[in-house]
Amino acid sequence: MALVNTVRGPIDAAQLGVTLMHEHVFVLSTEVMQNFPEPWGDEEKRVADAVARLNELKSRGVDSIVDLTVIGLGRYIPRIQRIAGRTELNIIVATGVYTYNDVPMYFHYQGPGTVLGGDEFMTDMFVRDIEQGIAATGVKAAILKCATDVQGVTPGVERVLRAVAQAPRRTGVPISTHTHAHSERGLEQQRIFQEESHDLLRVNDGH
């Protein structure tokens, strides 16, 4: 029996049913929200709206979604836990970093190719999310997420792609990406994944 981690815990893969593979329950800027909360409005209303929309999906035959919201898109698992507790829909969450250009400032001065140097600690963070759970929630990520857009493989994007590609060696989880189809950025991603010895049959190139 193959198990898949969801927000409510592991389930048999056969229970996933009809699954939407590239979704976002919320896409937010956490720092902006904390300092300018007015556009977000009432938290309870936002959660209730998400629950209603997911329940409608369930009523139309969708059983599961993969929420690819990671660092850079406002991932906040406690909110997703509240939503998952009020819907029969399975929600699978991801780990990774979403950027079209540079890495977030937290990673800017540490790690390979930076002023302070050192090993790539992003991969360790991803592995922890998968094996131990995200922050103190106990919710384990079941997929990795990264992105390349029209800007192409900038140094920051390449660092994220390689960190993401290294995590499956230790965890076995698949990768899902955002790409820019017109400029064929998915081919660049595949080249880097191959260089990192990742099985391309376990990559879903998005868009």
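It should be emphasised that the depicted structure is a prediction, and the values quoted were computed from it without experimental measurement.

J.: Explain the packing of aromatic side chains here, please?
T.: The relative placement of two aromatic rings is captured by the distance of their centres and the angle of their planes. By the definition in use, this model includes five aromatic pairs. Ring geometry for Tyr-98 against Tyr-100: centres 5.5 Å apart, planes inclined by 45°, an arrangement best described as tilted. Look at Tyr-100 and you get partly exposed, because its relative accessible area is 27%. Ring geometry for Tyr-106 against Phe-107: centres 5.2 Å apart, planes inclined by 90°, an arrangement best described as edge-to-face. Assessed through its relative accessible area of 57%, Tyr-106 is described here as exposed. Residue classification places Phe-107 among the buried residues on the basis of a relative accessible area of 5%. One aromatic cluster is present, built from ring pairs that chain together Tyr-106, Phe-107 and Phe-121. A cation over an aromatic ring shows up here: Arg-79 above the ring of Phe-26, its NZ or CZ 5.9 Å from the ring centre.

J.: I would appreciate a short explanation of the nonpolar core in the present structure.
T.: Counting 43 residues, the largest nonpolar core has Ile-83, Ile-91, Val-93, Met-122, Phe-126 and Leu-144 as the members making the most contacts within it. Those elements that place two or more of their residues in this core are α2 (43-59), α3 (77-84), β5 (90-96), α5 (121-131), β6 (143-147), α6 (155-166) and α8 (185-195). Of the residues forming this core, the biggest block, six residues, is contributed by α6. When near neighbours in sequence (up to four residues on either side) are disregarded, Ile-91 contacts Thr-6, Val-7, Leu-54, Ile-65, Asp-67, Ile-80, Ile-83 and Ala-84. Leu-16, Val-70, Ile-92 and Ala-147 belong to the second largest nonpolar core, which has 13 residues in total.

J.: What exactly am I supposed to notice about the pattern of salt bridges here?
T.: Pairing between side chains of opposite charge can happen when their charged atoms approach one another. Counting across every chain of the model gives 15 salt bridges. The partner of Glu-158 in a salt bridge is Arg-162, with the nearest N and O atoms 2.9 Å apart. Here the residue Glu-158 and the residue Arg-162 both occupy positions in helix α6, the gap between them amounting to four residues, near one helical turn. By relative accessible area, which is 19% here, Arg-162 ends up buried. For Arg-162, the salt bridge goes to Glu-195, with nearest N and O atoms at 2.5 Å. Of this pair, Arg-162 sits in helix α6 while Glu-195 sits in helix α8, and the two are 33 residues apart along the sequence. One network of salt bridges, in which partners are shared, links Glu-158, Arg-162, Arg-169, Arg-191, Glu-195 and Glu-196.

J.: How should the packing of α6 against α8 be read in this particular structure?
T.: Contact geometry for α6 and α8: axes closest at 9 Å, N-to-C directions at 50°. When the interaxial angle is binned, α6 and α8 end up oblique. You can see that α6 and α8 cross each other, and the crossing is right-handed. Where α6 abuts α8, its residues Glu-158, Leu-161, Arg-162 and Ala-165 lie against Gln-189, Ile-192, Phe-193 and Glu-195. Taken together, the residues of the contact of α6 with α8 break down into four nonpolar, one polar and three charged.

J.: What am I meant to see in unusual backbone geometry here?
T.: With glycine set apart, most residues show a phi of negative sign, and most peptide bonds adopt trans. Positive phi, close to 50°, is recorded for Ala-135, a residue that is not glycine. Here Ala-135 shows up in the loop between α5 and β6. Ala-135 gets classed as exposed once you look at its relative accessible area, which sits at 64%. Unusually for a residue other than glycine, His-207 sits at a positive phi of about 65°. For His-207, the position within the fold is in the segment after β8 (203-206).

The rules behind each value
- Residues numbered from 1 in each chain as written.
- Predicted model: local features only at pLDDT ≥ 70, side-chain atom pairs only at ≥ 80, totals over all residues.
- Heavy atoms only, no water.
- Phe/Tyr/Trp six-rings, centres within 6.5 Å; stacked < 30°, edge-to-face > 60°.
- Buried < 20%, exposed > 50% of the residue type's maximum accessible area, 1.4 Å probe, protein only.
- Lys NZ or Arg CZ within 6 Å of the ring centre and 35° of its normal.
- Core = buried A, V, L, I, M, F, W, Y, C linked by side-chain atoms within 4.5 Å.
- Helix = DSSP H or I, 4+ residues; strand = E, 2+ residues; numbered from the N terminus.
- Contact = heavy atoms within 4.5 Å.
- Salt bridge = Lys/Arg side-chain N within 4 Å of Asp/Glu carboxyl O.
- Axes fitted to C-alpha atoms, helices over the stretch in contact; angles between N-to-C directions.
- Parallel < 35°, antiparallel > 145°, perpendicular 65-115°, else oblique.
- Left-handed = near helix turned anticlockwise from the far one by under 90°.
- Nonpolar A, V, L, I, M, F, W, Y, C, P; charged D, E, K, R; others polar.

Take it as geometry only, folks, not as evidence of what the structure does.
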